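# Understanding the architecture of this molecule
What follows is each chain in one-letter form.
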Amino acid sequence: MNIRSLVPVALYGVLAWGCASTPQGAGDAVRIVGSDTMLELNRRFAESFMRGHPGVPILVDGGGSGAGIEALIAGTTSIAAASRPLSSAEVARLYEVHQTLGVRFLVAQDALSIFLNAANPVRNLSLEQLRGLFAGTITDWSEVGGSPGPVQVVVRPPSSGTHRFFRDHVLAGELYAKSATAVPTTRGVLAAVAADPRAIGYGGQAYRLDGVISCAVDGVEPTEENVGRDRYPLTRYLVFYTTQPPTGPVRQFIDWCLGESGQRVVADVGYVPLWSRGR
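Rules of the game
Residues numbered from 1 in each chain as written. Predicted model: local features only at pLDDT ≥ 70, side-chain atom pairs only at ≥ 80, totals over all residues. Heavy atoms only, no water. Helix = DSSP H or I, 4+ residues; strand = E, 2+ residues; numbered from the N terminus. Polar contact = N/O pair within 3.5 Å; in protein donor to acceptor, adjacent residues only side chain to side chain. Contact = heavy atoms within 4.5 Å. Salt bridge = Lys/Arg side-chain N within 4 Å of Asp/Glu carboxyl O. Buried < 20%, exposed > 50% of the residue type's maximum accessible area, 1.4 Å probe, protein only. Arc of directions from axis to C-beta. Axes fitted to C-alpha atoms, helices over the stretch in contact; angles between N-to-C directions. Parallel < 35°, antiparallel > 145°, perpendicular 65-115°, else oblique. Nonpolar A, V, L, I, M, F, W, Y, C, P; charged D, E, K, R; others polar. Left-handed = near helix turned anticlockwise from the far one by under 90°.

This part covers the side chain of Thr186. Residue placement: Thr186 occurs in helix α7 (residues 186-195). Within polar-contact distance, the side chain of Thr186 engages the side chain of Asp36 at 3.0 Å. One polar contact links Thr186 to Arg156, side chain to side chain, over a distance of 3.5 Å. The residues touching Thr186, leaving out its near neighbours within four places in the chain, are Asp36, Thr37, Phe115, Arg156, Gly203, Gly204 and Tyr207.

Taken as a whole and assessed by the stated rule, the structure comprises 12 salt bridges. Where Arg236 meets Asp110, a salt bridge forms, and the shortest distance between an N and an O atom there is 2.9 Å. Pair noted here: Arg236 is in strand β11 (residues 235-242) and Asp110 is in strand β5 (residues 103-117), with a separation of 126 residues, a long-range link. Take Asp110: its relative accessible area is 0%, and that puts it in the buried class. Glu260 is the salt-bridge partner of Arg264, the closest N and O atoms lying 3.3 Å from each other. With Arg264 and Glu260 both in helix α10 (residues 260-269), this residue pair falls four residues apart, about one helical turn. Here Arg264 falls in the partly exposed class, since its relative accessible area comes to 45%. Each of Arg164, Arg167 and Asp168 takes part in one network of salt bridges that share partners.

So, on to the environment of Ala182. By the secondary structure assignment, Ala182 is in strand β8 (residues 181-182). Note: C-alpha distance between Ala182 and Gly201 (19 residues apart in sequence) is 9.8 Å. In contact with Ala182, other than residues within four places in its own chain, are Val155, Arg156 and Pro157.

Okay, α10 next. Inspection of α10 places Gly262, Gln263, Val265, Val266 and Val269 among the buried residues, and these make up the whole buried set. The arc that holds the buried residues of α10, viewed along the axis, is 145 degrees, so those residues lie on one side. Relative to its buried face, α10 has exposed residues pointing more than 90 degrees away, namely Glu260 and Asp268. Along its buried surface, α10 packs onto α2 (39-52), β5 and α9 (248-258).

A few words on helix α3 (residues 65-74). Burial runs high along α3: seven of the 10 residues are buried. Every buried residue of α3 is accounted for by Ser65, Gly66, Gly68, Ile69, Ala71, Leu72 and Ile73. Here the buried face of α3 lies against β2 (30-34), β4 (79-82), α4 (88-98), α6 (161-171) and β11. Gly75 sits one or two residues past α3 and shows a positive phi near 80 degrees.

Time to look at the packing of α2 against α9. α9 packs onto α2 with a crossing angle of 110 degrees between their chain directions and a minimal axis gap of 11 Å. By the criterion of interaxial angle, the relationship of α2 to α9 is roughly perpendicular. In this structure, α2 contributes Phe45, Ala46, Ser48 and Phe49 to the contact, and α9 contributes Gln252, Phe253, Trp256 and Cys257. Residue composition of the contact of α2 with α9, grouped by class: six nonpolar, two polar and no charged.

Once that is clear, we can look at unusual backbone geometry. For Asp218, which is not glycine, the phi dihedral falls at a positive 55 degrees. For Asp218, the location among the structural elements is in the loop between β10 (212-217) and α8 (224-228). Look at Asp230: it is not a glycine, yet its phi comes out positive at around 60 degrees. Looking at where Asp230 falls in the secondary structure, it is placed in the loop between α8 and β11. Looking at Asp230, the relative accessible area reads 49%, which means it is partly exposed.

Before going further, it helps to spend a moment on the packing of α3 against α4. Between α3 and α4, whose axes approach to 9 Å, the crossing angle comes to 20 degrees. As judged from the angle between their axes, α3 and α4 are roughly parallel. Of the two elements, α3 crosses α4, and the hand of that crossing is left-handed. Along the contact surface, α3 presents Ile69, Glu70, Leu72 and Ile73, while α4 presents Glu90, Arg93, Leu94, Val97 and His98. Taken together, the residues of the contact of α3 with α4 sort by class into five nonpolar, one polar and three charged.

So yeah, pure geometry; function would need other evidence.
Below, the structure is given as structure tokens:
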């Protein structure tokens, strides 16, 4: 068993402890707000945890990584769920309000999958080709080995951590194509790609839909083994943030998520656990 130990997972970046705000209206409940990519995972975490801990209610909301981080800064959530790192501006605001850089807990690994309609003959794209497709400099599928036809780009909105992760790691500073269609949820991206053989989108590896395939990137498939061994180029971590080292029910819940029971939920949902046998 290769254990990605839980001590390094909780990366404490705290300069000084202030009196962090108590999430408004939460009482003794643990509230999680943020990443749409993590929404189903967080719901399953909550359901499984509450079955064994009926006295600790877990409240889960989505809205995107940006919304979760804003709620954390505002003190209206216990945990922000995010599929990307905090920006420098977010870190500065967190410190300004709470006198802390916050605490990061790695929860799972994910492949940011590239979604294509199953009728599209393309099965592999390089990072350079992805940059051209999503930035709008490649506008016809014939330019990347597909059947002739215009490329229809489907993306997540700017509040999405996936939107930002893809922009930072694939577009390398370029803007998304002006013709790109922004869809609020990953399920919406899948539906749009399933409905149009010319469409291309992206999302977390746990999301699937009949008629949509996840293509290889630079010749590497987004499989659990490739993600776990950091071979897939668009591997990322799914993360919980708190303002300070958590205590009480919040700490109990996070410890459970990082433990054996929680990591089984990660695998069941379709993401890659932080540890697994045989790595």
